[in-house]
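An overview of the molecular structure
Listed here are the chains, written in short residue letters.
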Amino acid sequence: MSIQEAATSIGAEKQPSLASISEVSTAISFEMEKQPAVASRSVSIEEAYMSIEEEFKTTTKFVLAWQPVRKAPIEVSAKSYGLFKQATVGDSPARTPQDEGAKIMYDAWSANKGMSKEDAMKGYVKFIAEQKKALGGA
């Protein structure tokens, strides 16, 4: 029985029987098996995460050797620090530092509270890419 025949037989009845539903299901399965296979590759969550983690590590290594970042405004340094700490440590501790410089960095980290590790990594990579354009970088 073809899909059209099975569908027509169900449409003719007010209440389809279990046999006719089963026939349609079988016909659909048979038709699907005849379809050419589509070449596709899905990426697992682990693979996607690892690529984000590798990109994060590569970006971090770049920043450590990047000279223009040393002349960046404190806001740029603080934001990159905050995203880095969120990605590597998680939420900031509840205790606020007294030192003004440390407080700026702490506030930037605290601004990311609740952000997932993955999102912080993505944010860090994106932010550094933007700064490369703004400050000049390889």
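About the thresholds
Residues numbered from 1 in each chain as written. Predicted model: local features only at pLDDT ≥ 70, side-chain atom pairs only at ≥ 80, totals over all residues. Heavy atoms only, no water. Helix = DSSP H or I, 4+ residues; strand = E, 2+ residues; numbered from the N terminus. Buried < 20%, exposed > 50% of the residue type's maximum accessible area, 1.4 Å probe, protein only. Areas by Shrake-Rupley, 256 points an atom, 1.4 Å probe, with all protein chains shown as cover. Salt bridge = Lys/Arg side-chain N within 4 Å of Asp/Glu carboxyl O. Phe/Tyr/Trp six-rings, centres within 6.5 Å; stacked < 30°, edge-to-face > 60°. Lys NZ or Arg CZ within 6 Å of the ring centre and 35° of its normal.

Across its full length, the protein holds six helices and zero strands. Going residue by residue from the N terminus, the α and β elements of the protein occur as α-α-α-α-α-α. The burial tally for the protein puts 24% of its 138 residues in the buried class. Surface exposure of the protein reaches about 9,800 Å², of which carbon and sulfur atoms provide 58%.

A few words now on the pattern of salt bridges. When the charged atoms of two side chains with opposite charge come close together, those side chains can pair. Tallied over the entire structure, the rule returns three salt bridges. Note that Glu53 is salt-bridged to Lys117, the shortest N-O span being 3.9 Å. Here Glu53 is found in helix H3 (residues 45-65), whereas its partner Lys117 is found in helix H6 (residues 117-135), with 64 residues between them in sequence. Measuring nitrogen to oxygen at the nearest pair gives 3.3 Å for the salt bridge that ties Glu118 to Lys122. With a gap of four residues between them, Glu118 and Lys122 both fall in helix H6, about one helical turn apart. According to the relative accessible area criterion, Lys122 is partly exposed, its value standing at 42%.

Considering all chains together, one arrives at five aromatic pairs under this definition. For the pair Tyr81 and Trp109, a centre-to-centre distance of 6.5 Å together with 90° between the ring planes defines the contact as edge-to-face. One end of the pair, Tyr81, is in helix H4 (residues 74-88); the other, Trp109, is in helix H5 (residues 100-110), with 28 residues separating them in the sequence. Judged by relative accessible area, which is 30%, Tyr81 ranks as partly exposed. The structure contains a cluster of three or more aromatic residues connected by ring pairs, namely Phe56, Phe84 and Tyr124. Here Lys132 stacks its cationic end above the ring of Phe62, 4.3 Å away from the centre of that ring.

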